[in-house]
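Listed below, chain by chain, are the residues.
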Amino acid sequence: MTDTTLSASSSEAAARGGRGPVGHAPGSVSGLAATGDLAVVELTWHPYGHGQLVDHYEVYATERAGRPGSVPGAATLVGRTLYPHFTHLVGPEGRTQHYTVVAVVASGARTRPARSVPGTSKASAAAGRVVAQVGDFDHKGLEFALSPSGSARFSATFPTGVDYRYGTSAPDQDWSYLHPGPSDSWAGRKQHTFTLRFDLDAAPKEDLAFALWLIDAHASSAGTGELTINDKPARKLEFRNGATRGSLEGDATRYGSTLKPSYYEFPLTAELFTAGENVLRLRKTTGSWIAYDALGVFAAK
């Protein structure tokens, strides 16, 4: 994924940079379509023509549909792209936003906004009631230990592995931003297990859910993992290859980021859990590293 959401500061800079000389390019972008999924809304449109060389496209999102042709405010700018497609990274809550696109041509002139279309993202398990959670589901991994580029210190910092207790441990000290695999020489070429401990007042009567968001993974060898709850097998995971830059960068929302996030969510049967301490373990069984955004166990609200 090469198109990303802008942070607030980047949005302001992009808005200033996109104004250019006063003037209007003919027509507007056509064929705008939005498809929502977990954590993202994918936008596509027809390349702008009219004999003009496009410098870039600007993408805007609002809570309510504007009047056709109305000019969006700078605060609603969510990103820029050189191409007729854009991935808008969104939060865990399923929501509908209305999107429009403006083409900015080489002279700095801008087209009329495209006719807006709604895009609805799918609700994540992370929008439910938190049972245990590490990190924020925000397409960033900057809150974790060693982030954004300290992987060389992993073995010294976590000589016995990551062991995290929800409610007591701190992400910036007790959970590594990278989870190495047995292909990683910098982490000893061995399997590594990350442990999350949490307490329940009573065993759940209903199934819970697991959510794991990554900001990136190794580009050719993301590999596999195994999730257990209280030493009981819960799920085998096959990670999708990323873009590799996640070992050096921690923000997939940064304008121009080449990070390739991925998302893994599924139910966990109530029988896996017990009253008192519960232990979730994620073991990296093959391949190279993954880079965390956030993970956790959730109940329905």
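Our subject is the structure that appears above.
Student: What's the story with the overall build of the chain in this structure? I'm lost.
Tutor: A count of helices and strands for the chain gives 3 helices and 19 strands. Over its C-alpha atoms the chain spans a radius of gyration of 21 Å, differing by no more than 12% from the 19 Å that the globule rule assigns to 301 residues. By principal-axis analysis of the C-alpha atoms, the chain measures approximately 65 × 45 × 30 Å. In the chain, once contacts between residues fewer than 6 apart in sequence are set aside, the share between residues at least 24 apart is 77%. Accessible surface for the chain amounts to roughly 13,600 Å². Of this, 50% is attributable to carbon and sulfur atoms. Taking the average location of the 29 positive side-chain charges in the chain and that of its 29 negative ones, the two points are 5 Å from each other.

Student: Quick question: what am I supposed to make of unusual backbone geometry here?
Tutor: With an omega of 5°, the peptide bond running from S147 to P148 counts as cis. Tracing the backbone shows P148 in the loop between β10 (129–135) and α2 (154–157). With a phi close to 75°, A39 is a non-glycine residue in the positive phi region. Relative accessible area serves as the criterion here: at 0%, A39 is assigned to the buried category.

Student: Where do I start with the packing of aromatic side chains in this structure?
Tutor: The description of an aromatic ring pair rests on the distance of the ring centres and on the angle between the ring planes. Summed over all chains, the structure comprises 15 aromatic pairs. Between W175 and F194, the ring centres sit 5.2 Å apart and the planes meet at 85°, which makes this aromatic pair edge-to-face. Pair noted here: W175 is in the loop between α3 (171–174) and β12 (178–179) and F194 is in strand β13 (residues 192–200), with a separation of 19 residues, a long-range link. Over the ring of F266 we find R235, and its NZ or CZ is 4.1 Å from the ring centre.

Student: Can you help me understand the nonpolar core in this one?
Tutor: As a rule of thumb, nonpolar side chains are buried together in soluble globular proteins. With 56 residues, the main nonpolar core has W175, L212 and Y292 as its most contacted residues. At the level of secondary structure, the elements contributing two or more residues to this core comprise β10, β11 (162–165), β13, β14 (208–217), β15 (224–229), β17 (262–268), β18 (276–286) and β19 (290–299). If we ignore the near neighbours within four places in the chain, the residues touching W175 are V134, F144, A145, F158, V162, Y164, A170, F194, T195, L196, Y292 and L295. Counting residues in hydrophobic clusters, the runner-up holds 20 residues, among them V41, L43, V78 and V105.

Student: Looking at this structure, how should I read the pairing of strand β7 (residues 96–105)?
Tutor: On a regular strand, each side chain points to the face opposite its neighbour's, so the side chains alternate between the two faces of the sheet. Within β7, 9 of the 10 residues are buried, leaving the element largely enclosed by the surrounding structure. One ladder, built from 8 bridges, connects strand β4 (residues 54–62) with β7; its direction is antiparallel. Along β7, the bridge assignment pairs Y57 with A103. Alignment of β7 against strand β9 (residues 117–120), held across 4 bridges, turns out to be antiparallel. Its bridge partner lying in β9, H98 is registered against P118.

Student: Help me out: how do you make sense of the side chain of S262 in this one?
Tutor: Within the fold, S262 resides in strand β17. On the basis of relative accessible area, S262 is assigned to the buried category, the value being 3%. Here the side chain of S262 touches Y264 through a polar contact of 2.9 Å, side chain to side chain. Once residues within four sequence positions are removed from consideration, S262 is found in contact with L212, W213, L214 and R240.

Student: Would you explain the environment of S124 in this entry?
Tutor: Positionally, S124 belongs in the loop between β9 and β10. Sequence spacing of S124 and H46 is 78 residues, and the spatial spacing of their C-alpha atoms is 30 Å. Of note is the side chain of S124, whose polar atom sits 2.5 Å from the side chain of E265.

Student: I tried to follow the sheet that holds strand β3 (residues 40–44) on my own but got confused; where do I start?
Tutor: In a beta sheet, neighbouring strands are held together by backbone hydrogen bonds and run either parallel or antiparallel to one another. Strand order in this open sheet of 3 strands is β2-β3-β6, and the pairing throughout is antiparallel. The open sheet is flanked by β2 (33–37) and β6 (85–89), the only strands paired with a single partner. Across the sheet, the axes of successive neighbouring strands diverge by a mean angle of 20°, strand direction being ignored. Summarising the sheet, β2 and β3 pair through 5 bridges and their orientation is antiparallel.

Student: How do you make sense of the side chain of H88 when you look at a structure like this?
Tutor: If you trace the backbone, H88 turns up in strand β6. Reaching out from H88, the side chain makes a polar contact with the side chain of Y99 at a distance of 2.7 Å.

Conventions adopted
- Sequence order as written defines residue numbering, which begins from 1 separately in each chain.
- Totals for whole chains, interfaces and linings use every residue, but because this is a predicted model, local features are given only for residues with pLDDT of at least 70 and side-chain atom pairs only at 80 or more, for both listing and counting.
- The side-chain values count all of the structure's non-hydrogen atoms but skip hydrogen atoms and water molecules.
- Working definition: helices are DSSP H or I runs of at least four residues, strands are E runs of at least two. Numbering for both runs from the N terminus.
- For a compact globule the rule gives 2.2 Å times the number of residues to the power 0.38, and the radius of gyration it is set against comes from C-alpha atoms.
- Any pair of residues with heavy atoms lying within 4.5 Å of one another is described as a contacting pair.
- Surface exposure here means Shrake-Rupley accessible area, sampled with a 1.4 Å probe, where a residue is shielded only by the protein chains that are shown.
- Note on charges: Lys and Arg go in the positive column, Asp and Glu in the negative column, and His and the chain ends are not counted at all.
- Note on charges: their place is set at NZ of Lys, CZ of Arg, CG of Asp or CD of Glu.
- Only protein chains enter the calculation, and the probe is 1.4 Å; a residue is then buried if its accessible area is under 20% of its type maximum, exposed if over 50%, and partly exposed in between.
- In this analysis, rings of Phe, Tyr and Trp, with Trp reduced to its six-membered ring, are considered paired at centre separations within 6.5 Å, and the interplanar angle assigns stacked below 30 degrees, edge-to-face beyond 60, and tilted for intermediate values.
- Two conditions define a charge sitting above a ring: the NZ of Lys or the CZ of Arg must be within 6 Å of the ring centre, and it must be within 35 degrees of the ring normal.
- Note on terminology: a nonpolar core comprises buried Ala, Val, Leu, Ile, Met, Phe, Trp, Tyr and Cys residues joined through side-chain atoms within 4.5 Å.
- Following DSSP output, two strands are said to pair if at least two bridges run between them.
- Any pair of nitrogen or oxygen atoms within 3.5 Å is treated as a polar contact; in protein, a donor-acceptor pairing is required on top of that, and neighbouring residues in sequence qualify only through side-chain atoms on both sides.
- Helix axes are fitted to C-alpha atoms over the stretch in contact, other axes to C-alpha atoms as well, and angles between N-to-C directions run from 0 to 180 degrees.

Limitation: the analysis is restricted to geometry and does not speak to function.
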